[in-house]
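# Close look at the chain arrangement
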Amino acid sequence: MMYATTYALTGKRSKKRTAKLLELFGERGATPGTIAHYVFADGGGGLLIGTADVMDRLYEDAIHYSPWMELHTRPILEVQEAVQVSGAWASS
């Protein structure tokens, strides 16, 4: 399954708080299955696209990062897949 996670940084921003977040990211590393990870140019958050067979690690990440950010994860389809499904549905 493919998914997209958007996240927004929460709480007061400080060097100490940012250092703790970066330390946690260094410890946990990238989520397995990550395809792309972008940050928003305004510094307020980012977007992660990945694949996962189980949601355990995504849930674990949400718990670990929740003191610093609000996360929203949604399943996604490639356009070609969505068109095939929509086409099959429309013709039935």
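Structure first, text after, so check above.
Presented here is a report on the structure given in the accompanying data block. The structure displayed is predicted, hence computed values, not measured ones.

Rules used throughout
Residues numbered from 1 in each chain as written. Predicted model: local features only at pLDDT ≥ 70, side-chain atom pairs only at ≥ 80, totals over all residues. Heavy atoms only, no water. 1 Å grid on protein atoms, 1.4 Å probe; cavity = no way out; pocket = protein on both sides within 12 Å on 5 of 7 lines; lining within 4 Å. Points joined across faces, edges and corners; volume = space filled by probe spheres on them. Helix = DSSP H or I, 4+ residues; strand = E, 2+ residues; numbered from the N terminus. Expected span 1.5 Å × (residues − 1). Buried < 20%, exposed > 50% of the residue type's maximum accessible area, 1.4 Å probe, protein only. Arc of directions from axis to C-beta. Polar contact = N/O pair within 3.5 Å; in protein donor to acceptor, adjacent residues only side chain to side chain. Contact = heavy atoms within 4.5 Å. Salt bridge = Lys/Arg side-chain N within 4 Å of Asp/Glu carboxyl O. Pairing = 2+ DSSP bridges. Axes fitted to C-alpha atoms, helices over the stretch in contact; angles between N-to-C directions.

Here the largest pocket defines a volume of roughly 640 Å³. Of all elements in the fold, only β1 (2-9), α1 (15-28), β2 (34-39), β3 (45-51), α2 (56-65) and β4 (69-76) reach the threshold of two or more residues within the lining of the largest pocket. Top element by residues in the lining of the largest pocket is α2. It accounts for six residues.

Taking 1.5 Å as the rise per residue, α1 with 14 residues should run 20 Å; its terminal C-alpha atoms sit 20 Å apart, in good agreement. Residues of α1 that are buried: L21, L24 and R28. Seen from one end, α1 has its buried residues packed into an arc of 60°, which puts them on one side. In α1, the exposed residues that point more than 90 degrees away from the buried face are K15, K16, L22, G26 and E27.

Mapped onto the elements of the fold, T31 is located in the loop between α1 and β2. Within polar-contact distance, the side chain of T31 engages the side chain of D61 at 2.5 Å. Not counting chain neighbours up to four residues away, the residues in contact with T31 comprise Y3, R57, L58 and D61.

With that out of the way, let us pick up the environment of H72. Along the chain, the position of H72 falls in strand β4. C-alpha separation for the pair H72 and F40, spaced 32 residues apart in sequence, amounts to 15 Å.

A word on the pattern of salt bridges. Scanning the entire structure with this criterion turns up three salt bridges. Between R28 and E60 there is a salt bridge, with the nearest N and O atoms lying 3.1 Å from each other. A residue pair is termed long-range when its members are at least 10 positions apart, and R28 in helix α1 and E60 in helix α2 qualify at 32 residues. Among the residues examined, R28 registers a relative accessible area of 17% and is labelled buried.

Taken in spatial order, the four strands make up an open sheet running β2-β3-β1-β4, and their pairing is antiparallel. Looking at the sheet topology across the chains shown, the edges are occupied by β2 and β4. Averaged over all adjacent pairs, the angle separating strand axes in this sheet is 15°, with direction ignored. In this sheet, β3 lies alongside β2 in antiparallel orientation, the contact comprising five bridges. Within β3, the residue paired with Y38 across the bridge is L47.

Let us look at the side chain of T5. Tracing the chain through its elements places T5 in strand β1. Of note is the side chain of T5, whose polar atom sits 2.7 Å from the side chain of T73. T5 has contacts with G46, L47, L48, L71, H72 and T73, leaving out every residue within four places of it along the chain.

Function cannot be read off these values alone, since they describe shape.
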